[in-house]
Amino acid sequence: MPPTPPLLLPDHLIEEVISFLHVKSLMRLKCVSKSWNTPISDPTFVQLHLQRSQRNKNLLLTYGDYENFGFVSLPISRLLGNNTNRNTSITLSSHQLKHKECRQVIGSCNGLICLFHYTTSNSWFRVWNPATGTISDRFGHFHKPRSKLTPRTLGYTFVYDISTNNYKIVAFGYRFIKVFCFNSNVWREIQSLPDKMIIVGNQNYKGVCLDGTLIWFAFLNEIPYNDWRDTFSVVRYFIISLDLATETRREFSPPPVFDDASDVIDPSIAVLMNSLCFFYNFKRTHFVVWQMTEFGVDRSWTQLFKISYESLQVEHFFCDFYGMLSLYPLYLSENGATLILESSREDQAIIYNSIDNRVERTRITNKIDWRFSEGYFESLVPINSLKEIASG
Amino acid sequence: MAEEVSSQMNSLSISETNPSSSATISLVSGDDIVFKVEPTIAKEMETVQSFIDETDGKITTIPLPNISSHDLPYVIEYCEKSIAGKITKEFEAEFVKKLNNEEVKELFLAANYLNIKKLLDFLSQVIADRIANKSVEYVRRYFGIENDFTPEEEAKLREELAWTFTGVDPDDEDEN
């Protein structure tokens, strides 16, 4: 009996199906036929695939020393997945930066990763899509005079401004916020800051991004900032946000936890479960997370977690080789039940389940630095979507 | 179980309008089998619900000529679980285990025709998983697609994309 011909699906349904595939499979399937080759590069399909892919969240974790830099991409599902073994180890394939003429990962947006290189005289950026294996030329060069009189740049954040469909790099220093826009290919100072205002960012001196807004942790210093002498004495903490579309700045308060400021250790901010969160270590006995349920509304701060060090099975030692204990959140599951943390004293992720107060740990055998983790998901977004950069 | 009424099979003649059963909706498959379902199930199927709405609820027997009596119980089962909030990874794994490649495609077309977004997304993912690591030739056969590249064009493209050809499963005999 001859085989029955396969049931045919209309083109739009085939597109629907293949939008769920990983980039590597999709690229291979360009060879299926001409009618498959074209849509896979089509902006509408790229967008559809992006929407799907966003759900497959990864942590981008960097590793390396002066000689050998790179990163690995860790699917969150592997940390949350079946935890039959209490403690597991994972080895991941790595992406090396060595041949990319860059030594630092700035961040990731829509599957694109922004890389940075600096020498004593020059610096540049490149944007890389590791899933499709394409990389941009160098751009955003700026000479960095060694003069102490020039305010130093402390942190860069790679962002996507959805209102103008533009990728940007935002830099901040002690008295300024600058933005590099791929459309104009120049650095532009957009905000100069009051001289007592010190931006800190998150624990990595970066802004965190939420719905077209870039947010930094900051404080008001007792005396004006002086480049010659870093003297910090915090008068008041606050949060600064920058609307990427309008480039306007707003300030608002952290949760009301600073009555006795000495109890609040290593405060910082993160975006968890698509909300701005504020976290700190309380008296070196608990880890606390607050969530701003309505963005920009001070009174919407709600405490999400107050977890004892005992529950997390971490111990605080005052001073030894490893230094002080600091905990940072990496990810909060969509149902708000599972919190993944990183500890400055451990080389493994701490996975805390608030429903049964259970803790598991996962080690990554690649020598990664948990602290510099970034959210990542793979995409088909082409490098030439950065506008002139590709043609330049 | 009290809710068992939902997916019972009845022949067309038995179901002919009985006023007391007007609360349930009768779905008639392409091969003339009637499936009585609760209105909440019909609500999950946008195509069915809009048909009911258009007639102000007067018509409760809905012909679904594009859907066979083989597929409809699967659709109903999925909708029941969905309403009960009982769609778990385990249920989904069990659900597709029973279906061969052609059946998954059939059900996918049914979900599209009935406009059940959740089922459509789920089956898209299922089909994607089934072809994810397969060869180009396998995928052509799976979707019945003709290769319209010249041998030269195809060889060139394969060379450019050589890095995507690692880790591909060997083709097994057409599984059905």
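Note that the coordinates shown come from a computational prediction; the quantities given were computed from them, not determined experimentally.

> Tell me about the overall build of chain B, and please be specific about residues and values.
For chain B, the count of helices and strands is 9 helices and 4 strands. Starting at the N terminus, the α and β elements of chain B follow one another as β-α-β-β-α-α-β-α-α-α-α-α-α. Counting over 176 residues, chain B shows a buried share of 41%. For chain B, the exposed surface amounts to about 9700 Å²; the carbon and sulfur share of it is 53%.

> So what's going on with the domain arrangement of chain B? Which residues, and what values?
Frequently, the measure chosen for interface size is the accessible area that the parts lose on association. Residue and element names in this part refer to chain B. Split into domains, chain B comes out as domain 1 (2–131) and domain 2 (136–165). Across the contact, 5 residues belong to domain 1 and 4 residues belong to domain 2. For the interface between domain 1 and domain 2, the tally reads 0 salt bridges. Between the two partners, domain 1 and domain 2, sit 2 residue pairs in polar contact (both at pLDDT 80 or more). Among the secondary structure elements, those contributing two or more residues to the side of domain 1 that touches domain 2 are α6 (101–114) and α7 (117–131). Counting residues per element, the side of domain 1 that touches domain 2 draws most heavily on α7, at 3 residues.

> Explain the interface of chain A and chain B residue by residue, including any values.
Opposite the 30 residues of chain A that make contact, chain B presents 38 residues. Both sides of the chain A and chain B interface together cover about 2900 Å² of buried area, and 70% of this is carbon and sulfur. A per-residue breakdown of the area chain A buries against chain B is headed by Leu7(A), Arg28(A) and Cys31(A), which together make up 24% of the total. Our count for the chain A to chain B interface comes out at 1 salt bridge. Among the salt bridges present, the one from Lys34(A) reaches Glu153(B), with a minimum N-O distance of 3.6 Å. Between the two partners, chain A and chain B, sit 10 residue pairs in polar contact (both at pLDDT 80 or more).

> Describe in detail the confidence of the model for chain B, supporting the description with residues and values.
Of all residues in chain B, 85% attain a pLDDT of 70 or more, and the chain-wide mean is 85. In the model output, the complex is listed with pTM 0.85 alongside ipTM 0.83.

> Describe helix α1 (residues 11–18) of chain A, and please don't skip the residues or the numbers.
Regarding α1(A), the residues found buried are Leu13(A), Ile14(A), Glu16(A), Val17(A) and Ile18(A). Buried residues in α1(A) make contact with α2 (23–28), α3 (34–41) and α4 (43–53) of chain A together with α6, α7 and α8 (136–143) of chain B.

> Any details on the sheet that holds strand β5 (residues 104–109) of chain A? Residues and values, ideally.
Residues and elements named next belong to chain A. Taken together, the 4 strands give an open sheet; going across it, the order is β5-β6-β7-β8, and neighbouring strands pair in antiparallel fashion. Each of the sheet's edge strands pairs with one partner strand only, and the pair in question is β5 and β8 (134–135). With 6 bridges connecting them, strand β6 (residues 112–118) and strand β7 (residues 123–129) associate as antiparallel partners. Considered in β7, the bridge of Ile113 is made with Trp128.

> Can you tell me about the UniProt feature "domain: SKP1 component dimerisation" (unreviewed entry) in chain B, naming the residues and giving the values?
Following the UniProt record, the feature "domain: SKP1 component dimerisation" (unreviewed entry) maps to residues 117–163 of chain B here. With 70% helix and 0% strand, residues 117–163 of chain B has end C-alpha atoms that lie 35 Å from one another.

> Account for the layout of surface pockets, naming residues and giving values.
All names here are of chain A. Taken as a whole, the second largest pocket encloses approximately 1600 Å³ of empty space. Lining the second largest pocket are 47 residues, with Cys209, Val271, Asn274, Gly375 and Phe377 positioned closest to its centre. Only α4, β1 (58–64), β5, β9 (153–161), β14 (208–210), β18 (264–272), β22 (327–332) and β26 (368–376) provide two or more residues apiece to the lining of the second largest pocket. The element contributing the most residues to the lining of the second largest pocket is β26, with 5 residues. Each residue belonging to the lining of the second largest pocket can be placed in one class, and the counts come to 24 nonpolar, 16 polar and 7 charged.

> Before we move on, can you summarise the domain arrangement of chain A with the specific residues and values?
Residue and element names in this part refer to chain A. As far as domains go, chain A holds domain 1 (1–53) and domain 2 (54–391). With centres defined by C-alpha atoms, the gap from domain 1 to domain 2 works out at 35 Å. Across the boundary between the two partners, domain 1 contributes 13 residues, which contact 12 residues of domain 2. Together, Val23, Leu50 and Ser53 form the three largest contributors to the area buried by domain 1 at its contact with domain 2, with a combined 50%. Where domain 1 touches domain 2, the interface holds 0 salt bridges. Connecting domain 1 to domain 2 are 8 residue pairs in polar contact (both at pLDDT 80 or more). Every element with two or more residues in the side of domain 1 that touches domain 2 is listed here: α2 and α4.

Definitions and cut-offs
Residues numbered from 1 in each chain as written. Chains lettered and ligands numbered in written order. Predicted model: local features only at pLDDT ≥ 70, side-chain atom pairs only at ≥ 80, totals over all residues. Heavy atoms only, no water. Helix = DSSP H or I, 4+ residues; strand = E, 2+ residues; numbered from the N terminus. Buried < 20%, exposed > 50% of the residue type's maximum accessible area, 1.4 Å probe, protein only. Areas by Shrake-Rupley, 256 points an atom, 1.4 Å probe, with all protein chains shown as cover. Domains from an automatic or database assignment. Contact = heavy atoms within 4.5 Å. Salt bridge = Lys/Arg side-chain N within 4 Å of Asp/Glu carboxyl O. Polar contact = N/O pair within 3.5 Å; in protein donor to acceptor, adjacent residues only side chain to side chain. Buried area = accessible area lost by both parts, 1.4 Å probe. pLDDT = per-residue confidence, 0-100. Pairing = 2+ DSSP bridges. UniProt positions renumbered as here; feature names shortened; annotations may be inferred. 1 Å grid on protein atoms, 1.4 Å probe; cavity = no way out; pocket = protein on both sides within 12 Å on 5 of 7 lines; lining within 4 Å. Points joined across faces, edges and corners; volume = space filled by probe spheres on them. Nonpolar A, V, L, I, M, F, W, Y, C, P; charged D, E, K, R; others polar.

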